[in-house]
Amino acid sequence: MTNPLCDAYFVLTKVYCGGKYLKQAIAETAIEPLNKSRTVKICYGVLEKDLYLEHIIGANSKKAPKAAIKIILKIALYMLEFMQKHDYMVVDFAVNLTKKLGKEGASGYVNAFLRSYKLPPLPEKTDERIAVECSSPLWLVKKLRRSYKGEAREILCAPSQGVCVRFVRDEEKYADKPRKNTPFKGVYIFENFVRDEGFFAGDYTFQSLGSIAICSAISPCERLLDACAAPGGKSVLLSEKCKSVTSCELHGHRVELINSYVSRMGVKNVSVMQADSSQFNPRFEESFDAVLCDVPCSGTGVINENPDIKLFRREEDIAALSKIQLQILENCSRYVKSGGMLYYSTCSVLPEENDTTAFNFLKLHPEYALNKPQSALEHRQTPYGLQFLPHISQGVGFYLTGFKKS
């Protein structure tokens, strides 16, 4: 029997020790195909429960184990506590992996730890308790409690709802698969959905519900600029309601992602270019009826889909991101025609990236007036926009607002 800890260990080592994002680490690791779904589940689960697993290890160890051993313990603990695997099997696999890695001296410690550990109580202080319970950084817990009070825990612990699939045609072929409806036509959330030939034929695509909701809220127009467009889902969907779409992306490899997406979906009215949307392009000045700035952000609204965000995001990042967000919004405001629309969105739940940026933009640009869009997906109205939250918006957290140029 293949050791189920092995592939997960090699993936997670690239994350914990190499600083790789989880999706990148999975793509770069030769995972046994037969058990890939199990390995991916373990990797996502360990990162999702990272701080809780740290809490268990810290309470049951006199000193912190070295990185490799800690990763083995986290994988084993996740399998024992959240996958209900047999104790003896997980312990044996963990000990064997420790030996296989040339760390025979630590195998006794791994064996003793996994056979004797006890689940410690949660911290008494509210912030610390939520941080451990939801495996979220303490700084993020404190920010969300300030902004959302008693809802902070629900936001942080909201689970992923599943795989969001947007159908272009032939959706009846998949009607037998269990799915949840969304407010958008042809868009469903599946617990599992295995890609088949329909994906490559452009019959359907995988697209986040937040991305689809943003596109749904944008009014049809002649010429639209998608200023931060990768991986391309929004540009493709907006091409159905806009005569032409220009997609910009800073990084070359992400430009290729957009081109691939556009080609697979058979779209003809999207033009893709590599460009920095924070820097002025004279050719774009007052050229677009609408501009969408779906800006780089903290990702705090999509942690349930990307648990490595909790590992890499730092509190000091927020101020730097807010500065970039306002810079992109200000620059792209110069591309909108008189009477046109400027849309601003993030996948964040932090007000300083959302309403604060909208407020600062309007203060600096009296030629724009607040013009909030509408959405069928449940959300909260804020003074300057629409805030979508994971526990009320079918698992997704993001922000959207709009400004009309006089």
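Above this text is the structure in question.
Residues numbered from 1 in each chain as written. Predicted model: local features only at pLDDT ≥ 70, side-chain atom pairs only at ≥ 80, totals over all residues. Heavy atoms only, no water.

Enquirer: What is the right way to read helix H12 (residues 209-217) from this model?
Expert: Residues three or four positions apart in an α-helix share a direction because the helix packs 3.6 residues into each turn. A large share of H12 lies buried, amounting to 8 of its 9 residues. Every buried residue of H12 is accounted for by Leu209, Gly210, Ser211, Ile212, Ala213, Ile214, Cys215 and Ala217. Close packing links the buried residues of H12 with strand S1 (163-167), strand S3 (187-190), helix H13 (233-238), strand S8 (288-294), strand S9 (336-346) and strand S13 (398-405). (Buried < 20%, exposed > 50% of the residue type's maximum accessible area, 1.4 Å probe, protein only. Helix = DSSP H or I, 4+ residues; strand = E, 2+ residues; numbered from the N terminus. Contact = heavy atoms within 4.5 Å.)

Enquirer: Any chance you could explain the sheet that holds strand S2 (residues 179-181) here in plain terms?
Expert: Think of a sheet as strands paired side by side through backbone hydrogen bonds, with each pair either parallel or antiparallel. Read across the sheet, 4 strands follow the order S2-S3-S1-S4 without closing on themselves; strand pairing throughout is antiparallel. In the strand order of this sheet, the two ends are held by S2 and strand S4 (204-206), each with one partner. Averaged over neighbouring strand pairs, the angle between their axes works out to 30° when direction is ignored. Alignment of S1 against S3, held across 4 bridges, turns out to be antiparallel. In the strand pairing of S3, valine 163 is matched with phenylalanine 190. (Pairing = 2+ DSSP bridges. Axes fitted to C-alpha atoms, helices over the stretch in contact; angles between N-to-C directions.)

Enquirer: Help me out: how do you make sense of the nonpolar core in this one?
Expert: Grouped burial of nonpolar side chains is what soluble globular proteins tend to show. Grouped together as the largest cluster of nonpolar side chains are 44 residues, with contacts concentrated most on Leu5, Ile75, Leu77 and Leu114. Going through the elements one at a time, helix H1 (4-16), helix H2 (22-28), helix H3 (36-48), helix H4 (50-60), helix H5 (67-82), helix H6 (87-100) and helix H7 (104-116) are the ones with two or more residues in this core. Counting residues per element, this core draws most heavily on H5, at 11 residues. Apart from the residues within four sequence positions on either side, isoleucine 75 is in contact with Leu5, Ala8, Tyr9, Leu12, Ile42 and Val46. Core analysis: the second largest hydrophobic core is formed by 36 residues, Ile212, Leu224, Leu238 and Leu386 among them. (Core = buried A, V, L, I, M, F, W, Y, C linked by side-chain atoms within 4.5 Å.)

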